Each structure stands twice: as structure tokens, then as C-alpha cells.
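These are the residues of each chain, in order.
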Amino acid sequence: MNGSKSPGLAGFGVLKNTTCHTEKKISVFFSIIFMTVGILSNSLAIVILMKAYQRFRQKSKASFLLLASGLVVTDLFGHLINGAIAVFVYASDKDWIRFNQSNILCSVFGICMVFFGLCPLFLGSVMAVERCIGVTKPIFHSTKMTSRHVKMMLTMVCLFAVLIALLPILRFRAYQIQASRTWCFYKTEHVEDWEDRFYLLLFSCLGFLALAISFLCNAVTGITLLRVKFKSQQRQGRSHHFEMIIQLLAIMCVSCICWSPFLVTMARIGINEGGSKETCETILFALRMATWNQILDPWVYILLRKAVLRNLYKITSGCCGVQVINLHMWELSSIKNSLKVAAISESPGSSKQINLQPLTSVGQ
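Residues numbered from 1 in each chain as written. Predicted model: local features only at pLDDT ≥ 70, side-chain atom pairs only at ≥ 80, totals over all residues. Heavy atoms only, no water.

**Considering the UniProt feature "transmembrane region" (unreviewed entry) in the protein chain**
Mapped onto this numbering, the UniProt entry gives "transmembrane region" (unreviewed entry) at residues 26-50, 62-90, 102-129, 150-170, 198-226 and 246-271. With 100% helix and 0% strand, the stretch residues 150-170 has end C-alpha atoms that lie 29 Å from each other. Here residues 198-226 is 100% helix and 0% strand, with 41 Å between the C-alpha atoms at its ends. (UniProt positions renumbered as here; feature names shortened; annotations may be inferred. Helix = DSSP H or I, 4+ residues; strand = E, 2+ residues; numbered from the N terminus.)

Here you go:
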């Protein structure tokens, strides 16, 4: 029977001829660790964002805080829902035939895997675009990028991710239980139908597009900040620029390193017929790498620059023989000072204004 056209039995064909064997204890250990660390990290990030939003209500910071909140909330629910289903599957000895006869759990699991996989990538690209506009076009950002517009963008991103996740269900193509029998996704074994290939390639193309947009916008933002830094020659802005540039590099590196293996694997399966033992093991490794992105997101966006970069800056400055600037107070959002520097640098007679009215320190 063709599993793709029979939703009730779509996920069980792989159970008769399992090509991937994983160690149960190791897999359970990874699932529990990933879920626990992800939930704790994102919960801590949400608390920090809530406190920051209560303290700072400037329009320039509101958009960043809302987007960052959407990202960490998505990551939190992704770890909570997907992790809970995975632990339940392991606790049931991966006996899908016993608890998933109608294929409902597998469909829910597959929808969550696609949604919580694409949504953080989309939100990361939207944050990169928002930062790029805030640095390169500060006046436009302050007048047009309101909280209402940001909430609309968040809603549109989530709805688009939901549509992509529901697309196989709307086309009566059930999600498949993977060869490891631990998770559900698009069909990755013996892919012959063009529609099954289309879903895999669509997922990969959208993921790579989001990473490309993030890389391009973050590169433009970093170059702009470097140009403003060397043009203004203001000591007060150096720590701010250092923090922002390192954050952008960390975001790009983490996203590309964590997601590229999984996206490449899905694209390769969509182009070539999969089903070998190496393919199954590669998918599991790439899946765990992608999971680490959701764990590291809150540390990159919120915690890393406040807890680590200050000490890193002091160590680097001490090794280079440069006097360390007083960094006793760091702002949670770095958009405000970038707007000030960019606005002064683009205004007529900026050099005179900078000499006469230097920027306030970062701590203020």
C-alpha cells in the first residue's frame, strides 16, 4: 500500500524494515538533556526580556525586545512540546503501532518539528532586517517600525510557518515515522514521488533563504557600525560597537553551524534517493545540531553579551596594552546608541557636533 496516500498507515511502513539502530540510553540522555537545558535557558532569557521591557520603553528598543521575546518563546515551546513527545516515545519503547494507530501523534509531531524548526530561522532573519534598518535608516526606523508593526510581522511569520507545516496535511500527505522510530518528519526513505521531494527541498530552501538574509543584513550592519566607529573616533562608542559586532558574528556562526548540516541533508535527500544507514545516522546527527541552535539562541541574543563580553573585552584590552574603558553598566539593547551614532554621522556638520557635543557613555 502506498503510505503517502493512506494517512492511517502512512507512518508504519518504516517499522517493518528499520535501517537505523540507535542506543536507547544514549538517545534518551540526549533528549532529556536537550529539553532541560533548552527550557532553562529560554526561560531565563524570557525573564530578562520581561524585566528589560519594563525598564526600557523607548520606541527604538521596543521592536528588538518584541522580536527577541518571540524568538525565545518559540524556542521554549519547541523544546517543551517536541521534547515531551520524544520522551513519551522513548518511554513507550518506540512502539508506534500501539499508541499511534490513527497516526495523529506522528502528524502532530511532524507539524511541530517543521514549525519550530522554520519559525526561529524566520524570526532570526526578521531581527537581522530590523537591526539593519535601525542602524542604516534610524529616522525611518524610529517613525515606521512601531510596536504594532512588529507584532504584525511576528503574526505573519508564525502564520507562514504554520502554513508550511500544515501543507502536507492539506495535501493528504501524512508525516512519516523516521527510521530511528524516535521522531516524525517528511518522508526521507525511498523518496520517489515529486511531492515528497518538494517538501524536503522547500524546507531546505526556506531555511537557507532565512540564513542568507540574516548573513547579508548582519554583514551590512557590521560594516556600517565599523564605518561609523572609525569616522566618529569616539571612545564612548567603542564598547558599544565591540559588543554589537561580536554579537552579530556569534549569531551568524551559531545559526550557520547548527542548521547547515540538517538543511544540506534534507536537500540531498530531496534531490537523491535516501534510505541508507549512513543517511539515517547523518539525519540524527544533523537534527541534534539543529536542536543546539534553539539552546544557544537565548545565550547569543540576551545572556552572552552581558555575562561574557565584558570580561572578554577586558582580557583582550589588557593583552593588547590598551586601557580598559569603564563598562560597569551595559544596556540590554544596543539599538539606542547605534541610532545616535548613525544619526550624528549622517547629519550635516556631524564632525562639529561630535566635537562639541560628545555622545553620552554607554552606561548612561
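We are not done yet, so read on.
**Description of helix H7 (residues 147-170)**
Over its 24 residues, H7 runs 33 Å from end to end, which matches the ideal 34 Å to within 8%, given 1.5 Å per residue. Along H7, the sharpest change in direction is near 30° and occurs at Ile-164; proline Pro-168 comes one to four residues later. All of the buried residues along H7 are Val-150, Leu-154, Val-157, Ala-161, Ile-164, Ala-165 and Pro-168. One or two residues past the end of H7 sits Phe-172, with phi positive at roughly 60°. (Expected span 1.5 Å × (residues − 1). Bend = angle between axes of the 7 residues up to and from the residue. Buried < 20%, exposed > 50% of the residue type's maximum accessible area, 1.4 Å probe, protein only.)

**Topic: the packing of aromatic side chains**
Within the structure shown, the criterion is met by 16 aromatic pairs. Relative to Phe-116, the ring of Phe-115 lies with its centre 5.0 Å away and its plane at 80°, an arrangement referred to as edge-to-face. Of the two residues examined, Phe-115 and Phe-116, each falls in the buried class. Pairing Tyr-186 with Tyr-199 gives two aromatic rings, centres 5.6 Å apart and planes at 20°, and the pair type is stacked. With Tyr-186 in the loop between strand E2 (184-185) and helix H8 (194-232) and Tyr-199 in helix H8, the pair connects residues that are 13 residues apart, well separated along the chain. Note on accessibility: Tyr-186 and Tyr-199 belong to one class, buried. Ring pairs connect the aromatic residues Tyr-175, Trp-183, Phe-185, Tyr-186, Phe-198, Tyr-199, Phe-203, Trp-259 and Phe-262, which therefore count as one cluster. (Phe/Tyr/Trp six-rings, centres within 6.5 Å; stacked < 30°, edge-to-face > 60°.)

**Topic: the pattern of salt bridges**
Applying the stated criterion to the full structure yields five salt bridges. Residues Arg-171 and Glu-195 are paired through a salt bridge, measuring 3.0 Å at the closest nitrogen-oxygen approach. Remark: Glu-195 occurs in helix H8 and Arg-171 occurs in the loop between H7 and strand E1 (176-177); sequence separation between them is 24 residues. Residue classification places Glu-195 among the buried residues on the basis of a relative accessible area of 4%. Of the charged contacts in the structure, one is a salt bridge between Arg-173 and Glu-195, with a shortest N-O distance of 3.4 Å. You can see Arg-173 sitting in the loop between H7 and E1 and its partner Glu-195 sitting in helix H8, a full 22 residues away along the chain. The burial state of Arg-173 is the same as that of Glu-195; both residues are buried. (Salt bridge = Lys/Arg side-chain N within 4 Å of Asp/Glu carboxyl O.)

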